[in-house]
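The chain contents come next:
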Amino acid sequence: MDIEKIKGKIIGMKKTVIIVAVAVVIFLIFGILIGVKIAKPKDPFGGKTGAGIADYVNVSDPVDALDEQEPDEVVVQQKVPYVVDVYFGDALFEEARKESKIIVMTREGSASYVAEKEGAFGWDVFSQKKAMIFHGKAEYTVDLSQLDSDDIKIDSTKRIITITIPEPELSVEYLPEETEFFDTANGFLSFGEMNITPEMSNELAVSGKERLKDEFQNDDESWAAARKFAEITVKELYEPVVRSVIDATVKEKDDEFAIAPRYDIVVKTETP
């Protein structure tokens, strides 16, 4: 076989292989380009986006993304009005000790009485009687010095101060100069007015005070009025004390937003 012909065939085969290889490479590149074009996302508004595969593969680091954000603005809480807390301490007890007994009510009253003078020999026919009306004045007082820690309750949540006071005390003054005397009732054989001796005057003073006290003691309406006036009086007594403590607390705060609370004072009489 001719050597030159063999060399020509080998060279022809090499060219064929090279041409085929180049064709394959071109085909692969063409296929990749078509695949990339098909894979590109479409613009929601109908146009094609310019994003490529790298836009979906190379995702930015979330930490870096946070670092790129501007910091949030610092929100400063504006001051608003607020109600101050009040500590009353011993102020209420000091007021109680200072006042001690207070007069809550006075009223006038009267009681009737018949004085009798025994007749001679102890006989009724010689006896003498004189009717009279005693006059006096009743005074009802409350002793605040008797109050202890159980009698003054402070509810800071409801802002109520409850004060329990003792039952009013009754004292009676007999007014002898206002005593009224009526006609003498004499026995059948007695004549003239019955004379009031000094000894009888002393006895009448004792009897008059006792009878007046019984009248006031058994007067339920007077007791009810005394309790009512006692509660009103004590409430009026403590209102400026409570107010002064509250005002002092607000002043101590030295803050234009501090508001003084309002406390209600409830006074009730201890059930005997």
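Model, not experiment: these values are computed from the prediction.

What counts, and where the lines are drawn
- Residues numbered from 1 in each chain as written.
- Predicted model: local features only at pLDDT ≥ 70, side-chain atom pairs only at ≥ 80, totals over all residues.
- Heavy atoms only, no water.
- Phe/Tyr/Trp six-rings, centres within 6.5 Å; stacked < 30°, edge-to-face > 60°.
- Helix = DSSP H or I, 4+ residues; strand = E, 2+ residues; numbered from the N terminus.
- Buried < 20%, exposed > 50% of the residue type's maximum accessible area, 1.4 Å probe, protein only.
- pLDDT = per-residue confidence, 0-100.
- Contact = heavy atoms within 4.5 Å.
- Pairing = 2+ DSSP bridges.

Student: When you look at the packing of aromatic side chains in this model, what are you seeing that I'm missing?
Tutor: For the structure shown, the criterion picks out 4 aromatic pairs. A ring pair is formed by Tyr-140 and Trp-223, whose centres lie 5.3 Å apart and whose planes are at 80°; its orientation type is edge-to-face. Here Tyr-140 is found in strand β3 (residues 128-143), whereas its partner Trp-223 is found in helix α6 (residues 220-253), with 83 residues between them in sequence. Its relative accessible area of 0% is what places Tyr-140 among the buried residues. Within the aromatic cluster, the residues linked to one another by ring pairs are Tyr-113, Phe-134 and Tyr-174.

Student: What should I look at first to understand the confidence of the model for the protein in this one?
Tutor: Reading predicted coordinates in detail is not appropriate for stretches of low pLDDT. Per-residue pLDDT for the protein averages 77, and the proportion of residues at 70 or more is 62%. Considering only residues more than four positions removed or in separate chains, one finds that residues 47-60, a stretch of pLDDT under 50, has 12 contacts. Across residues 119-126, where pLDDT falls below 50, the model places 11 contacts with residues more than four positions away in sequence or in other chains.

Student: What should I look at first to understand the pairing of strand β4 (residues 152-155) in this one?
Tutor: Regular strands place their side chains on alternate faces of the sheet. Of the strand pairs in this sheet, β4 and strand β5 (residues 160-165) are connected by 4 bridges, and their pairing is antiparallel. Bridge assignment links Lys-153 to a residue of β5, and that residue is Thr-162.

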